[in-house]
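Spelled out, the chains give:
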Number of protein chains: 2
Amino acid sequence: MNSPKRTTIYDVAQEAGVAASTVSRALRNPRRVNAATREHVLRVAERLGYRPSPLATALQSGRTATVAMLVPDITNPHFFGTIRGAERRASAAGITFILSYTEESADNERNQIEHLARSVDGFILASSRMSDDGLLELAEEHNLALVNREVRGLPSAVVDSRVGSRQIVEHLASLGHRSLVYLSGPHQSWPAGERWRGLRGSARSLGIRATRLGPFPPRVVGGGAAADAVLVTGATAVVAHNDLLAIGVLRRLAERGVSVPEQISVVGYDDIFGADFCVPALTTLAGPQDEAGRSAVELLLENRSRSTTRTTDRRVMLPSHLVIRDSTGPAPA
Amino acid sequence: MNSPKRTTIYDVAQEAGVAASTVSRALRNPRRVNAATREHVLRVAERLGYRPSPLATALQSGRTATVAMLVPDITNPHFFGTIRGAERRASAAGITFILSYTEESADNERNQIEHLARSVDGFILASSRMSDDGLLELAEEHNLALVNREVRGLPSAVVDSRVGSRQIVEHLASLGHRSLVYLSGPHQSWPAGERWRGLRGSARSLGIRATRLGPFPPRVVGGGAAADAVLVTGATAVVAHNDLLAIGVLRRLAERGVSVPEQISVVGYDDIFGADFCVPALTTLAGPQDEAGRSAVELLLENRSRSTTRTTDRRVMLPSHLVIRDSTGPAPA
DNA sequence: CACGCCATGGCAAGCGATTGCCAAAAGTTG
DNA sequence: CAACTTTTGGCAATCGCTTGCCATGGCGTG
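No experiment lies behind these values; they were computed from the predicted model shown. (Residues numbered from 1 in each chain as written. Chains lettered and ligands numbered in written order. Predicted model: local features only at pLDDT ≥ 70, side-chain atom pairs only at ≥ 80, totals over all residues. Heavy atoms only, no water.)

Could you clarify how one ought to interpret the side chain of B:Arg118 in this entry?
Mapped onto the elements, B:Arg118 comes out in the loop between helix H6 (106–116) and strand S3 (122–126). It turns out B:Arg118 is buried and unbridged, and the closest side chain with the opposite charge, A:Asp11, is 7.9 Å from it. Polar side-chain contacts of B:Arg118 include one of 2.8 Å to the backbone oxygen of A:Arg51. Residues within four places of B:Arg118 in sequence aside, it is in contact with A:Arg6, A:Thr7, A:Arg51, A:Pro52, A:Ser53, A:Pro54, A:Leu55 and B:Thr64. (Helix = DSSP H or I, 4+ residues; strand = E, 2+ residues; numbered from the N terminus. Buried < 20%, exposed > 50% of the residue type's maximum accessible area, 1.4 Å probe, protein only. Lys, Arg positive; Asp, Glu negative; His and termini not counted. Salt bridge = Lys/Arg side-chain N within 4 Å of Asp/Glu carboxyl O. Polar contact = N/O pair within 3.5 Å; in protein donor to acceptor, adjacent residues only side chain to side chain. Contact = heavy atoms within 4.5 Å.)

Now the structure itself:
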């Protein structure tokens, strides 16, 4: 495995006949060294196959060129877009990307942060389960960027679901539905609140009755109970907290012989993998999740350069759009 | 963000009235220090909220307590399980988990490794795109563990697809099929070769005709061309390189009005998310991908302790099993 | 020609741990 | 009680790199 000795800055220095500091500067701070010297040093470094040690650099400079992303649950395909976007952006900037799961627990989240604190330049918290106050407190000590969560004073990148929810309601209204049921996700989930507020507000202004059921676990299995609960209400349209739940609902409805969209329309959020090939194909609110991941990395990078002064709380809001497929249709007469 | 000064081992030492080395030993090497002293030091450390700096530790000791996992393509849900398994195992062992994508390129893979080499204790290469020789060469310098790839002399964790392929063929044979078509994946894909060998071997011994088409991109979109190609052959059973491809095939067949499984049976590999709710639900070879990820981390850990001597090439083989759903049925008369 | 400035490179002090070696203290043994 | 072993804690070097500060020499200017 490890070769006994990696070549260091000193090896290069000796071989090039200069001091180690000169090598360091040739590499990091080109203008501090004569062009010819620099050229020479670089050539020698190349020849010796020199690779800087990120650890030593980080230890000395305090910059790790690493970010960590914390995700509540890797089982949920919803996060894969965000992860992908963040990873891409980070690696494009030559930044190492650490991924970690918090198992849906705020405590765990805090521990992970504490654990990684010294090894990274900042954290991307996707759908954080912590309280606003908890986050603000953490932000005093650490560089944070939020995804799909807004907290006053903290930088965040969120896919809009307020306006998106309005699109859903309008879509349903235009199909003649007069009422809808929202199947809510976990209470700590910030988007869940946003979505409900969006739905309720739009429903009110369009003269539609909106009711909320739940919370349900935002997974396919959660759909069973959810579907049954919906049927009791006699609603003609149901909006699920996310696609997983929606797919679970579709399944249960099929089992119970309820036809979608003839008897009831179903809408989800996220447009995850599979939403287009479940049956019927799911109408869902799609958002640029990968953009959100990307933006979050950028927010982190902005704050990193901003010396040790106050951090920005720039908030990036990304537009969503409704993808209409086969799970929504005219309200039954 | 960063508080100006983190508390260090020296702060603790001063406060506790001992030398820094004693603090270090109290923390890492309990038996080297008097129980009472240790107790005292720990108490002070706790009070001061001391957190060790992983960077400094790593720099000095050479152990980073970090592993990196390289995956060709995050878009592919196939890897979700492996990633999850590896992440879980790593974090259970208190090891930081770095995730990186190689964009399906061997060069990129090598670069990433080179880049991260000094920051990690080892690499998990999932479905590596590199050649056997390339991997062996890399293994001289780095601590590697392979997932779903076998190379003589290197540690690996693979989900069996040889025996699994036999299960598929037997299943099809028992349904009366006399021939099958295999839609192959990318040529650099090691499992693709395994699967084909498994299918062909079993087919031969069961008196079934097996032919191979492709390669096709192992994604849903690849299924279009693949399905068309299959129809030309008039085969009654098709085995796709993976579920994504299989799902693409199902779609295309539906478009062309070919009914599954009445006219043709379809089988996939991986049992990814969605395989159970596409229509018809997909018969597929399921394997414990997360186990594979888990095992890979363990292999890495084993080799890490093994000082600098020769690495093990322990190979973990995980059993797969056939999940029979609705996409396979009796051969048409 | 003398003086001062700037570009350039070297010295050395960290960054925060770990660890080999040594010395003092404590415990053992005859 | 002397001689010896073991336990325990401290000193200082080290990991590989960055960076503030200083010394030098070349060059421009009056």
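Would you mind going over the pairing of strand S11 (residues 315–318) of chain B with me for this structure?
Regular strands place side chains that alternate from one sheet face to the opposite one. Residues and elements named next belong to chain B. Covered by surrounding structure in S11 are Val316 and Leu318 only, the residues Arg315 and Met317 on the alternate face being uncovered. Strand direction decides the pairing type here: strand S5 (residues 156–159) and S11, joined by four bridges, are parallel. By the bridge assignment for S11, Ala157 is matched with Val316. (Pairing = 2+ DSSP bridges.)

Help me understand the sheet that holds strand S12 (residues 321–323) of chain B in this model?
Working definition: the strands of a sheet are paired by backbone hydrogen bonds and lie parallel or antiparallel to each other. Residue and element names in this part refer to chain B. Pairing is mixed across the open sheet formed by six strands, whose spatial order is S7-S6-S8-S9-S10-S12. Taken across any chain shown, the strands that pair with only one partner, and hence form the sheet edges, are strand S7 (209–213) and S12. The average angle at which neighbouring strand axes cross in this sheet is 20 degrees, direction not considered. Examined bridge by bridge, strand S8 (residues 237–240) and strand S9 (residues 265–269) share three bridges and lie parallel to one another. Within S9, the residue paired with Val238 across the bridge is Val266. Across the sheet, helix H9 (residues 190–206) touches strand S6 (179–183), S7, S8 and S9, and the angle it forms with S7 is around 160 degrees. Contacts between helix H10 (residues 222–233) and the sheet are confined to S6, S7 and S8, with S6 contributing the most and set at about 155 degrees to the helix. (Axes fitted to C-alpha atoms, helices over the stretch in contact; angles between N-to-C directions.)

Can you walk me through the protein's contact with DNA strand D in this structure?
Taken together, 27 residues surround DNA strand D, and among them A:Ile9, A:Arg28, A:Tyr50, B:Thr22 and B:Thr37 come closest. Near the protein, within 4 Å, the atoms of DNA strand D are sugar or phosphate in 56% of cases. Within the contact set of DNA strand D, a base oxygen lies 2.6 Å away from a side-chain nitrogen or oxygen of B:Arg25. Residue B:Arg32 places a side-chain N or O atom 2.7 Å away from a base oxygen belonging to DNA strand D. Mapped onto the surface near DNA strand D, the elements with two or more residues apiece are helix H1 (9–16), helix H2 (20–28) and helix H4 (54–61) of chain A together with helix H2 (20–28) and helix H4 (54–61) of chain B. Take the surface near DNA strand D: its biggest share by element is four residues, from H2(A). A class-by-class count of the residues in the surface near DNA strand D yields nine nonpolar, eleven polar and seven charged. (Near = heavy atom within 4 Å. Nonpolar A, V, L, I, M, F, W, Y, C, P; charged D, E, K, R; others polar.)

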